[in-house]
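Read off the chains here:
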Amino acid sequence: MFVAASVVFATTALPALAHSADGYGGGLVAGFTHPILGWDHVAAMVAVGLWGAFLGAPAIWILPVVFPLVMALGAAAGILGIPVPAIEVGIALSAVVLGLMILFTVRAPIWIAAMITGVFAIFHGYAHGTELPATANALAFAVGFVIATGLLHLIGIAFGLLVQWPAGRVAVRGAGGLISLAGLAFLTGVA
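So, a few notes on the structure that sits alongside this text. (Residues numbered from 1 in each chain as written. Predicted model: local features only at pLDDT ≥ 70, side-chain atom pairs only at ≥ 80, totals over all residues. Heavy atoms only, no water.)

**Some remarks on the packing of helix α2 (residues 28-37) against helix α7 (residues 138-160)**
Step number 1: Two elements in contact, α2 and α7, have axes separated by 6 Å at closest approach and are oriented at 35°. Where α2 crosses over α7, the handedness of that crossing is right-handed. From α2, L28, A30, G31, F32, H34, P35 and I36 reach across to α7, where they touch A140, F141, V143, G144, F145, I147, A148, T149, L151 and L152.
Step number 2: For the contact of α2 with α7, the class distribution of residues is 13 nonpolar, four polar and no charged. (Axes fitted to C-alpha atoms, helices over the stretch in contact; angles between N-to-C directions. Helix = DSSP H or I, 4+ residues; strand = E, 2+ residues; numbered from the N terminus. Left-handed = near helix turned anticlockwise from the far one by under 90°. Contact = heavy atoms within 4.5 Å. Nonpolar A, V, L, I, M, F, W, Y, C, P; charged D, E, K, R; others polar.)

**Description of unusual backbone geometry**
Step number 1: Backbone torsion omega between A57 and P58 reads 5°, so that peptide bond is classified as cis.
Step number 2: The phi angle at A86 is positive, at roughly 55°, despite the residue not being glycine.
Step number 3: Secondary-structure assignment places A86 in the loop between α4 (59-80) and α5 (87-103).
Step number 4: For A86, a relative accessible area of 46% translates into the label partly exposed.
Step number 5: Even without being a glycine, T105 presents a positive backbone phi close to 50°.
Step number 6: You can call T105 partly exposed: its relative accessible area is 22%. (Buried < 20%, exposed > 50% of the residue type's maximum accessible area, 1.4 Å probe, protein only.)

Right, dumping it as structure tokens:
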């Protein structure tokens, strides 16, 4: 009887959730979910991929590389407590501006597109850095949010490749408009 009860309890026991496998107090999984669960981050990061796909080579790979590299610098500034003003405004404006670039088919030179993307990446990275849980493994958290950012860029690139067809251009430009409207909602506090 004791053996049967032990087998039942051992096979039906729920995991202890006080400690998770994502690092000490948070880490890879916490970092990975942070940008995915924030619609303001999703909108801007998908927009980077969309704009890069719309601009074509070399922007299709330069913009999605510039963003996480500069975002990591912004995260370091946030972790170190270096003051950067208007973080939430900068994040909201990233969706507005990047969405408008797509909507109005702005073909900026690559260095300007990279600068615009990089400036907004500072705000996103800073937010990630300041929201790092106090007990989190900072490196694992950073790896998580960089991977998630890259995947969001890839979603934007995949959708952006539709620009090869007339209906796809309309869809991509429409997505840019929706991203810009979402940014306005974030900016005004509606969303």
